[in-house]
Amino acid sequence: MIIKEVSADGYKNLEDIKLVLDPKMNIVCGENAQGKTNLIEAVWLCSGCRSFRGTKDKNFIGFEKDTANVKMLFSDSQRDQEIGYSIKKSSVKDKNITLNGVKVPLFSRLFGNFRCVVFTPEDLKLTRGSPEKRRSFIDFCIAQVKPSYINVLNTYNGVLEQRNALLRSVSGTDIYNKDQLEVYNEQLAKTGSYISVIRYTFSNILNKYIDRLYSSITNGNEKMNIYYQSTIFKELKDEKDYKDKLFNIYMKKLIDSTEIDIKTGFTRYGIHRDELGTYINGLPVREFGSQGQARSAALAMKLAQAEIIRDQYKEAPVMLLDDVLSELDPMRKRFILNNIKNMQVIITCCDSRSVTEMASGKIFEIKKGRIV
Ligand SMILES: Nc1ncnc2c1ncn2[C@@H]1O[C@H](COP(=O)(O)OP(=O)(O)O)[C@@H](O)[C@H]1O
Ligand SMILES: [Mg+2]
């Protein structure tokens, strides 16, 4: 997948930007706070995902602007396509988002057309910090190759919220709607066991990619593995029967923990508490990994994400590397560049020399939101 052109105006601080991109390597350099990440973000939104830095829609529009306009031409081996969006300050909800000229109601409806992988300094901490990051990582990887997965996940999260609200309303009293709780249990068990099977199966695929990539970073000296750890199922090996056997186990776990759930006011067990454990030479990276190992592990995970998309669609995603290279030593920098050389890449950095020593391509300089 290749972006041919991007234009952006009024998106945050971006002004009159029109870039004709190189099919391989593009370097956007500039000092801090000039708009590099904003540009990456404007492109990222074309993938139909929410802002990776959690910006609300109304803040997409430049402070002194009325409208944010972004347009992107991209192509895969089949055809050229165009995505555009225009958001007015006066009517943020009513966005004009188009795919090949046809209006779509929401950003999320763009999902599955333009595929990219974004890699930010925050991702270098993927193996550390809370399990939530790793759950989001695996869920997002799955959604990129199986878009319908998002609907199941959303259903689960919606029911979970309702169940927790019910639990909170019970605390202190003994009278509550047991039938309603049972309905929630069933819905959670139904979607939750399906999600568990999908996550488990996918984690095995991911593991193969990660094992190879990590081994290659360390010249075969260290071994990395990931394991999906369910809070419901002890063992998921070859268990596929999510409609019956796994559903029943899930239900039992929810029923058995009802009392404690009521006490604490939240659902203790379920896929929202699962972990994607990352291990190097058999030890959890989160507790025992050095900073270097944790970073290499994160590189392996992000590259695996990109390669899985490439293998699934026979088309590489676009790689967006936002300021990560400057965080890496030359060995890891070279590793990542070598592994994405067959993909189109947009790299942002403060000092283009740090990249151009190792790669060639188009260089753009950005200053106060404009390409200079
Ligand atoms: N809605 C907005 N309108 C105008 N400027 C914005 C808006 N949101 C953020 N900015 C500005 O964008 C700049 C940060 O841009 P960013 O792309 O993160 O910089 P960097 O080049 O360091 O990646 C800040 O100066 C910030 O004030
Ligand atoms: Mg930035």
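Residues numbered from 1 in each chain as written. Chains lettered and ligands numbered in written order. Predicted model: local features only at pLDDT ≥ 70, side-chain atom pairs only at ≥ 80, totals over all residues.

Draft legend 1. Up close: the overall build of the protein chain. Tallying secondary structure elements over the protein chain gives 10 helices and 15 strands in all. Over its C-alpha atoms the protein chain spans a radius of gyration of 22 Å, differing by no more than 12% from the 21 Å that the globule rule assigns to 372 residues. Expressed as lengths along the three principal axes of its C-alpha atoms, the size of the protein chain is roughly 65 × 55 × 40 Å. If you take every contact in the protein chain between residues at least 6 apart in sequence, the share linking residues at least 24 apart comes to 72%. (Helix = DSSP H or I, 4+ residues; strand = E, 2+ residues; numbered from the N terminus. Rg over C-alpha atoms; globule rule 2.2 N^0.38 Å. Contact = placed C-beta atoms within 7 Å.)

Draft legend 2. View of helix 8 (residues 291-313). Between the first and last C-alpha of helix 8 there are 34 Å, a value that for 23 residues agrees with the 33 Å anticipated at 1.5 Å per step. Extensive coverage of helix 8 is indicated by the burial of 17 of its 23 residues. Residue Lys314 follows helix 8 closely and has a positive phi angle near 55°. (Expected span 1.5 Å × (residues − 1). Buried ≥ 20, exposed ≤ 12 C-beta atoms within 10 Å, placed from the backbone.)

Draft legend 3. Spatial organisation of the sheet that holds strand 13 (residues 345-349). Spatially, the 6 strands line up as an open sheet ordered 8-12-13-3-14-15, and their pairing is mixed. Here the strands that pair on one side only, and so sit at the sheet edges, are strand 8 (116-119) and strand 15 (370-371). With 2 bridges connecting them, strand 14 (residues 362-367) and strand 15 associate as antiparallel partners. What sits directly across from Lys367, in strand 15, is Arg370. Packed onto the sheet, helix 1 (residues 36-44) meets strand 3 (25-29), strand 8, strand 12 (318-322), strand 13 and strand 14 and runs at close to 155° relative to strand 12. (Pairing = 2+ DSSP bridges. Axes fitted to C-alpha atoms, helices over the stretch in contact; angles between N-to-C directions.)

Draft legend 4. Highlighting helix 1. Here helix 1 lies mainly inside the structure; 9 of its 9 residues are buried. Residues of helix 1 that are buried include every one of Lys36, Thr37, Asn38, Leu39, Ile40, Glu41, Ala42, Val43 and Trp44, and no others.

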